Number of protein chains: 2
Amino acid sequence: MKLSDIGEFGLIERIRPVLSEDLPPYMLGIGDDCAVIQRKGSRSMLVTTDLLIEGVHFLADRISAYELGYKSLAVNFSDIAAMGGEPESAFLSIGLPEDTGIDWLDDFFLGIKDLSGSYNTMVAGGDTTQSREGIIINFTVIGSADPGRIKYRSTALPGDLICVTGNLGDSGGGLIILLGGMDENSDPNLKTLVRAHHLPRPHLEEGRLLAAEDGVHAMLDLSDGVDSDIRRVMENSGVGAEIEIEKLPVSPELRNACSRYGWNHYELAAAGGEDYCLMCTVEADSYRTIAGEFRKRFNRELHSIGHITNTGRLQYMEKKRSIDIGKRGWDHFRK
Amino acid sequence: MKLSDIGEFGLIERIRPVLSEDLPPYMLGIGDDCAVIQRKGSRSMLVTTDLLIEGVHFLADRISAYELGYKSLAVNFSDIAAMGGEPESAFLSIGLPEDTGIDWLDDFFLGIKDLSGSYNTMVAGGDTTQSREGIIINFTVIGSADPGRIKYRSTALPGDLICVTGNLGDSGGGLIILLGGMDENSDPNLKTLVRAHHLPRPHLEEGRLLAAEDGVHAMLDLSDGVDSDIRRVMENSGVGAEIEIEKLPVSPELRNACSRYGWNHYELAAAGGEDYCLMCTVEADSYRTIAGEFRKRFNRELHSIGHITNTGRLQYMEKKRSIDIGKRGWDHFRK
């Protein structure tokens, strides 16, 4: 049997019992955005790590060195945001072909520094090595959170509203542009989408505001898309979900690009991936208050896109009627 | 200018000012075996990370899955040992070709679990992804140490004896066997050397004993070989060193293999690399006491192989006369 037969989720399910069976109760293991390590008398420690491989996660000739540095760190900050935490230190392992240009490296580290500096986080160590082929980047980020305020994937309840903190699908649209070799400079809408793909803003402030609310039950970041990520909430919380596709928030730029190039904006919003905003489930009675605080603080909506059910299934609705959206979110090992 | 022009150390020197200029005083940055993060009222946090790439750091057809899992974690434990700390949690990022066998994976995780279990450390999280080609492994290990007892590379003093906690060159001999396609089953000496290369034991207990001694000034682990690693102590401490090559401890197995296959055991002991025992510098007046405690606890010698000088240069001696050993230790980016 091969890895391709069991898929990435199958692999994680296979690793979990081997590595986590002895995890002490103060440590929460594999399966959420971050590992959580409780510490006596202080804030809990959050740890997350992400491996990015050229040709798998990015195309070196379509992303600038600055953007690649920025994004490699941003996706880890997004995991910290998903637990309601703050990043504190970052550790970079990088494998580079020996013909990597020094100018490229300087820009790469500038992208990292601009993001880490914005959030008062230090790159405090790492490892550099030669690669045989292509660029390999692994960031590990350590953060902290108030132990009573950490939000998990496993705590959604039937009746909760499903909410997202930003527009969906821009990054997925950007990826289509990059993979299709389209010229994003030909159309300002396309430029916005590519930018969303290359320079995702981690929703750290949003995560902290939401984590402080008792009415927010579950939270995670949207790395693979609503379609894939809501299934993680469903599996971890033992619930179902109903998504109203007209409610998926879509930027004017994506809407314009979709009409011009014939893309389906529902599909991109639900399954495009790499949005790196947050998805949370909110007690229905608290939604108005929390959305009001969110609006006051960020001057935009906390979009409600559906609700948690007790069916165990994922159902998409359009104009109150159930529909089949087709495409599933990414699973790196399945075709 | 390319990376190959400045080398790995050049790259680190180039990164350091960009990323570390704002490091607060409670954080020690790039350049030692681990990053050290001081925490109020508790033990300091140690963090280390290592990226291993198939074809650069290991040959997948010459190392078993079990050994690869074990060694990937062991090299990080060795960094924790070098600071006198204890490992607490580990985070694994792994990139795998999609045709990776499930049996291989099970063995890989067993190798990890056997080592982590021996040191009461938990693999508490990670990231799994597909690679385009070859296996990519990154471990980040978090540990802790008594803040008053941490040993650095920068604290060697002229007159200190240079000591090592184990035999040198076995692993380098093992690498010759693997690269040369020799059959290690043909000779029990070869088997021992390959085993030293594939299953290095991190010297965690040795590190803790030495860290507790005020007479131990500087410490690091021998990852690239005495020749390369003593230069790190020299640069960081602003000192020189004299190594007496007859004093480099060599196992009977390496000695036998060297006579049989015509290898130079001095060169392997000084520059073979990947020994993963510890090197420390010890105040001359304290050496006898510390070596006695070491012998009592571990039933073997703390080998003195030379001393720290104030010349700023590295000098090899044989029968009290200076010699030129030739080969330098590894530098991943230089040829």
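Remember, predicted model here, so these are calculated numbers, not experimental data.

### Details of the overall build of chain A
- Along the backbone of chain A there are ten helices and 13 strands.
- At 20 Å, chain A has a C-alpha radius of gyration in line with the 20 Å of a compact globule built from 335 residues.
- Summarising its shape, the C-alpha atoms of chain A cover approximately 55 × 55 × 50 Å along the three principal directions.
- The buried share of chain A, reckoned over its 335 residues, is 62%.
- Taking contacts inside chain A between residues at least 6 apart in sequence as the whole, the part at least 24 apart equals 83%.
- For chain A, the exposed surface amounts to about 13,300 Å²; the carbon and sulfur share of it is 46%.

### With respect to the domain arrangement of chain A
All names here are of chain A.
- With domains assigned, chain A is organised as domain 1 (31-149) and domain 2 (161-323).
- The distance between the C-alpha centroids of domain 1 and domain 2 comes to 23 Å.
- Tallying the contact residues gives 24 residues for domain 1 and 27 residues for domain 2.
- Across the interface of domain 1 and domain 2, roughly 2,100 Å² is buried in total on both sides, 55% from carbon and sulfur atoms.
- It is Arg62, Lys71 and Arg149 in domain 1 that bury the most area against domain 2; as a group they hold 30% of the surface buried on that side.

### Points about the nonpolar core
- Grouped together as the largest cluster of nonpolar side chains are 58 residues, with contacts concentrated most on Phe108(A), Phe109(A), Ile112(A), Ile137(A) and Leu210(A).
- Listed in part, the 57 residues of the second largest apolar core include Cys34(B), Ile102(B), Phe108(B) and Ala211(B).

### Describing the sheet that holds strand β13 (residues 321-323) of chain A
All names here are of chain A.
- Reading across the sheet, the seven strands line up as β8-β10-β7-β11-β9-β12-β13 and stay open at both edges, with mixed pairing between neighbours. A single partner strand is all that each edge strand has here, and the edge strands are β8 (216-221) and β13. The mean inter-strand angle of the sheet, taken between neighbouring strand axes irrespective of direction, is 30°.
- Here strand β7 (residues 161-164) runs beside strand β11 (residues 303-309); their pairing, made up of four bridges, is antiparallel. From the neighbouring strand, Val164 faces β11, where its bridge partner is His303.
- Strands β7, β8, β9 (240-244), β10 (278-282), β11 and β12 (314-318) of the sheet are contacted by helix α7 (residues 226-237), whose axis makes an angle of about 135° with β12.

### Describing the relation of the copies chain B and chain A
- Least-squares fitting of chain B to chain A yields an RMSD of 0.0 Å, with the transformation described by 0.0 Å of translation along the axis and a rotation of 180°. The superposition operator between the copies reduces to a two-fold rotation axis.

### Looking at the packing of aromatic side chains
All names here are of chain A.
- By the definition in use, this model includes ten aromatic pairs over all chains.
- Between the aromatic rings of Phe108 and Phe109, the centroid separation amounts to 5.3 Å while the plane-to-plane angle is 80°, which identifies the pairing as edge-to-face. No difference in accessibility class separates Phe108 from Phe109, as the two residues are buried.
- Here the aromatic cluster, defined as three or more aromatic residues joined through ring pairs, consists of Trp104, Phe108 and Phe109.

### Regarding the pairing of strand β11 (residues 303-309) of chain B
Residue and element names in this part refer to chain B.
- Taking burial as the measure, the seven residues of β11 include five buried ones, the bulk of the element.
- Sheet topology places strand β9 (residues 240-244) next to β11; four bridges connect them, and they run antiparallel. Within β11, the position partnered with Ile243 by the bridge is Gly306.

### Here's the deal with the packing of helix α2 (residues 65-82) of chain B against helix α3 (residues 102-118) of chain B
Residues and elements named next belong to chain B.
- It is at 6 Å that the axes of α2 and α3 come closest, and there the two elements cross at 35°. Crossing of α2 over α3 shows right-handed handedness. Residue-level inspection shows Ala65, Tyr66, Leu68, Gly69, Tyr70, Ser72, Leu73, Ala74 and Phe77 of α2 in contact with α3, the latter providing Trp104, Asp107, Phe108, Leu110, Gly111, Ile112, Asp114, Leu115 and Ser116.
- Considering only residue class, the contact of α2 with α3 consists of twelve nonpolar, four polar and two charged.

### Observations regarding the interface of chain B and chain A
- Taken together, the 71 residues of chain B in the interface contact 70 residues of chain A.
- Roughly 6,100 Å² of surface becomes buried between chain B and chain A when both sides are summed, with 65% attributable to carbon and sulfur atoms.
- One can count 17 residue pairs in polar contact (both at pLDDT 80 or more) joining chain B with chain A.
- Broken down by secondary-structure element, the contributors of at least two residues to the side of chain B that touches chain A are α1 (3-20), β1 (27-28), β2 (35-37), β3 (44-53), β4 (86-96), α3, β5 (122-130) and β6 (136-145) of chain B.
- Looking at the side of chain B that touches chain A, the element that brings in the most residues is α1(B), giving eleven residues.
- Looking at the side of chain B that touches chain A, its residues break down into 34 nonpolar, 20 polar and 17 charged.

### Thoughts on α3(B)
- In this model α3(B) runs 24 Å from its N-terminal to its C-terminal C-alpha over 17 residues, within 8% of the 24 Å that 1.5 Å per residue would give.
- For α3(B), the complete set of buried residues consists of Ile102(B), Leu105(B), Phe108(B), Phe109(B), Gly111(B), Ile112(B), Leu115(B) and Ser116(B).

### Structural notes on α7(A)
Residue and element names in this part refer to chain A.
- Relative to the 16 Å expected for twelve residues at 1.5 Å per residue, α7 spans 16 Å between its end C-alpha atoms, a close match to the ideal helical length.
- Taken across its twelve residues, α7 has nine buried, putting it largely inside the fold.
- Among the residues making up α7, those that are buried are Val226, Asp227, Ser228, Asp229, Ile230, Arg232, Val233, Met234 and Ser237.
- Positive phi shows up at Gly238, right after α7, with a value of about 65°.

The rules behind the values
- Residues numbered from 1 in each chain as written.
- Chains lettered and ligands numbered in written order.
- Predicted model: local features only at pLDDT ≥ 70, side-chain atom pairs only at ≥ 80, totals over all residues.
- Heavy atoms only, no water.
- Helix = DSSP H or I, 4+ residues; strand = E, 2+ residues; numbered from the N terminus.
- Rg over C-alpha atoms; globule rule 2.2 N^0.38 Å.
- Buried < 20%, exposed > 50% of the residue type's maximum accessible area, 1.4 Å probe, protein only.
- Contact = heavy atoms within 4.5 Å.
- Areas by Shrake-Rupley, 256 points an atom, 1.4 Å probe, with all protein chains shown as cover.
- Domains from an automatic or database assignment.
- Buried area = accessible area lost by both parts, 1.4 Å probe.
- Core = buried A, V, L, I, M, F, W, Y, C linked by side-chain atoms within 4.5 Å.
- Pairing = 2+ DSSP bridges.
- Axes fitted to C-alpha atoms, helices over the stretch in contact; angles between N-to-C directions.
- Least-squares fit on C-alpha atoms with pLDDT ≥ 70 in both.
- Phe/Tyr/Trp six-rings, centres within 6.5 Å; stacked < 30°, edge-to-face > 60°.
- Left-handed = near helix turned anticlockwise from the far one by under 90°.
- Nonpolar A, V, L, I, M, F, W, Y, C, P; charged D, E, K, R; others polar.
- Polar contact = N/O pair within 3.5 Å; in protein donor to acceptor, adjacent residues only side chain to side chain.
- Expected span 1.5 Å × (residues − 1).

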